[in-house]
Amino acid sequence: MSTFVQVPAGSDFPIQNLPYGIFSTSCNANRRVGVAIGEQILDLSAVANFYPEYVQNALRANVLNPLMELGYDAWNDVRTVTRDLLLAGSSLDKNEELKKTALVNQSDATMHLPANIGDYTDFYSSIHHATNVGIMFRGKDNALMPNWKYLPVGYHGRASSVVVSGTPMTRPLGQTQPVDGEAPVFGPCRLFDFELEMAFFIGGPPTKLGERVTTKDAAKRVFGFVLMNDWSARDVQKWEYVPLGPFTAKNLGTSISAWVVPVAALQPFAVPNFPQDPKPFPYLQHDEVFNFNIELFVDIKPENGQQVTVSHSNYRHLYWTALQQIAHHSVTGCNLNPGDLLASGTISGETEDSYGSMLEISWKGTRSVSVGENQTRKFLQDGDEVVIRGFCNGDYRIGFGECRGKVLPAVPFEN
């Protein structure tokens, strides 16, 4: 396929990708649906008349929820028309006036949160990450909790604090217990961390309370994937998580990439699902391959330094698939809505250079990590910028852009 839009070599956004995002510009403050192509954005609101009538209103919306709700067949129709419009010799290619308004430079655009996120669930689906954390806090003989290989462990996160890439993150205040057995103290988090994750948006019509989504039907419920940094206050979490799990240690903020990559773009990079032993319960079983070879990188850029890669992981390391996460989430009859966000949990590989958090890379603060000349870290410092990148590589690259956020100092209470 050859597009009339110039796509630089190695671009995250060739015509085989076509991810969705919500953008505005200085000359048009209205938020609208766009598709990334090379270094430009195709404004779908400007070309909506080229699409089937039943999808046009969704393409003129200011969030992706209406498109998500239309469902799997509509997504395929939109993707097909978008691809055809971008091919060399298309009706759009021949319309010079329309191209001037329909194509926007990404450098001139402001990106926004892709959807109104009603609910956010974070899973714990990387066996290597779960094992590492278990060894640190419980020892090798009790690394995985007894339930871990039987169900996709997860918790309900805070949807209101999910933000788009580029939004700064303020170091939180909270209660911590610096010395085991002594009284807690209150103050800025000292063990601030990133978590390398990916997440996907739920699509299709809302389900009803009491209705389940099976693994067989779950694939048509995955609208697309984003990169995620689920920021974590480790010392706050250690003190507060018993008995109900993380709360203020995690609700402080979660960053996602601006571009939502559709499953259709990832399918050429599918790899076998992670082997599961013991065999899951029937409601969690599926034969469909729904694992992807997505290279993931985490960089840290100190305030007065160069950007340095501290982790190189891969989505394929996840033990539980997105289909199993959906099936387990809804097995109780929990209703799902378009725009709900489901996250993978920290994605770690088997080797130290593939660990997905500073907690693991520094092994609970016992090792120093180089972040450039004469600079080391055990956890994040104020002014550090964390940059997560991800892409599939083959004859072309399917990328997600960046998920970026800078750590700002804690805001003290006024006297």
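Residues numbered from 1 in each chain as written. Predicted model: local features only at pLDDT ≥ 70, side-chain atom pairs only at ≥ 80, totals over all residues. Heavy atoms only, no water.

This part is about the overall build of the protein chain. Check the secondary structure of the protein chain and you find ten helices and 26 strands. With respect to the principal axes defined by its C-alpha atoms, the protein chain has extents near 70 × 55 × 45 Å. Taken over 415 residues, the protein chain has a buried fraction of 54%. Taking all contacts inside the protein chain whose residues are at least 6 apart in sequence as the whole, residues at least 24 apart take part in 72%. Accessible surface computed for the protein chain: about 18400 Å², of which carbon and sulfur atoms make up 49%. Side-chain charges of the protein chain comprise 33 positive and 43 negative groups, with the mean position of each set lying 1 Å from the other. (Helix = DSSP H or I, 4+ residues; strand = E, 2+ residues; numbered from the N terminus. Buried < 20%, exposed > 50% of the residue type's maximum accessible area, 1.4 Å probe, protein only. Contact = heavy atoms within 4.5 Å. Areas by Shrake-Rupley, 256 points an atom, 1.4 Å probe, with all protein chains shown as cover. Lys, Arg positive; Asp, Glu negative; His and termini not counted. Charge placed at Lys NZ, Arg CZ, Asp CG, Glu CD.)

Attention now moves to the sheet that holds strand β20 (residues 295–301). Taken in spatial order, the five strands line up as β9-β26-β25-β20-β21 in an open sheet, and their pairing is mixed. Edge strands, defined here as strands with exactly one partner in the open sheet, are β9 (169–170) and β21 (308–314). Both β20 and β21 contribute to a ladder of six bridges, which runs antiparallel. Considered in β21, the bridge of L296 is made with S313. (Pairing = 2+ DSSP bridges.)

So, on to the pattern of salt bridges. Pairing of side chains with opposite charge becomes possible as their charged atoms draw close. Within the structure shown, the criterion is met by 18 salt bridges. Here R171 makes a salt bridge to D382, at a shortest N to O gap of 2.7 Å. Here R171, found in the loop between β9 and β10 (173–176), pairs with D382, found in the loop between β24 (376–377) and β25 (385–393); they are 211 residues apart in sequence, far enough to count as distant. For R171, a relative accessible area of 9% puts it in the buried group. (Salt bridge = Lys/Arg side-chain N within 4 Å of Asp/Glu carboxyl O.)

Attention now goes to the side chain of S344. Within the secondary structure, S344 is located in the loop between β22 (341–343) and α10 (358–361). Dropping the residues within four chain positions of it, S344 is found in contact with D122, F123, Y124, S125, E197, M198, L318 and Q325.

What follows covers empty space enclosed by the protein. Throughout the structure, instances matching the rule amount to one cavity of 30 Å³ or more. Within the residue set of the lining of the largest cavity, elements represented by two or more residues are β13 (196–202), α9 (322–330) and β22. Of the residues in the lining of the largest cavity, the class split is eight nonpolar, two polar and no charged. (1 Å grid on protein atoms, 1.4 Å probe; cavity = no way out; pocket = protein on both sides within 12 Å on 5 of 7 lines; lining within 4 Å. Points joined across faces, edges and corners; volume = space filled by probe spheres on them. Nonpolar A, V, L, I, M, F, W, Y, C, P; charged D, E, K, R; others polar.)

Quick look at the nonpolar core now. Counting residues in hydrophobic clusters, the biggest one holds 57 residues, and the most contacted among them are F225 and Y315. Not counting residues up to four positions away in its chain, the partners in contact with Y315 are M198, F225, N291, F292, I294, L296, A322 and I347. Grouped together as the second largest cluster of nonpolar side chains are 43 residues, L44, Y51, A58 and I256 included. (Core = buried A, V, L, I, M, F, W, Y, C linked by side-chain atoms within 4.5 Å.)

Once that is clear, we can look at the side chain of S232. Note on placement: S232 falls in strand β15 (residues 232–233). We classify S232 as buried; its relative accessible area is 0%. Side-chain polar atoms of S232 contact the side chain of Q237, separated by 3.4 Å. In this structure, S232 is in contact with L191, F192, D193, E195, Q237, A249 and K250, ignoring residues within four places of it in sequence. (Polar contact = N/O pair within 3.5 Å; in protein donor to acceptor, adjacent residues only side chain to side chain.)

Here the idea is plain: a probe the size of a water molecule rolls over the atoms and shows the empty space left. Space inside the largest pocket adds up to approximately 1300 Å³. Contributing to the lining of the largest pocket are 41 residues, with Y124, V133, F137, Q237 and Y241 lying nearest its centre. It is helix α5 (residues 127–138) that contributes the most residues to the lining of the largest pocket, six residues altogether. A per-class count over the lining of the largest pocket returns 19 nonpolar, eleven polar and eleven charged.

Across the sheet, which stays open at both edges, the five strands sit in the order β4-β3-β2-β1-β5 with antiparallel pairing between neighbours. Whereas interior strands pair on both sides, the edge strands pair on one side only; in this sheet they are β4 (103–105) and β5 (109–112). Adjacent strand axes in the sheet meet at a mean angle of 45° when their direction is disregarded. Pairing of strand β1 (residues 20–25) with β5, which is carried by four bridges, proceeds in the antiparallel orientation. In the strand pairing of β5, F23 is matched with M111. Running at roughly 60° to β1, helix α3 (residues 72–86) makes contact with β1, β2 (28–37) and β3 (40–43) of the sheet. (Axes fitted to C-alpha atoms, helices over the stretch in contact; angles between N-to-C directions.)

The subject of this paragraph is the pairing of strand β6 (residues 120–123). What you see with β6 is no split at all: Y120 and D122 on one side and T121 and F123 on the other are buried throughout. Alignment of β6 against β22, held across three bridges, turns out to be parallel. Following the sheet pairing, T121 is matched in β22 by L342. Strand direction decides the pairing type here: β6 and strand β7 (residues 154–156), joined by three bridges, are antiparallel. Paired with T121 across the bridge in β7 is H156.

P243 follows V242 through a cis peptide bond whose omega is 5°. Within the element layout of this structure, P243 appears in the loop between α7 (234–240) and β16 (254–256). Omega for the peptide link from D277 to P278 comes to 10°, which places this bond in the cis form. You can see P278 is positioned in the loop between β18 (270–271) and β19 (291–292). Unusually for a residue other than glycine, K364 sits at a positive phi of about 60°. Structurally, the position occupied by K364 is in the loop between α10 and β23 (369–370). For K364, a relative accessible area of 40% corresponds to the partly exposed category.

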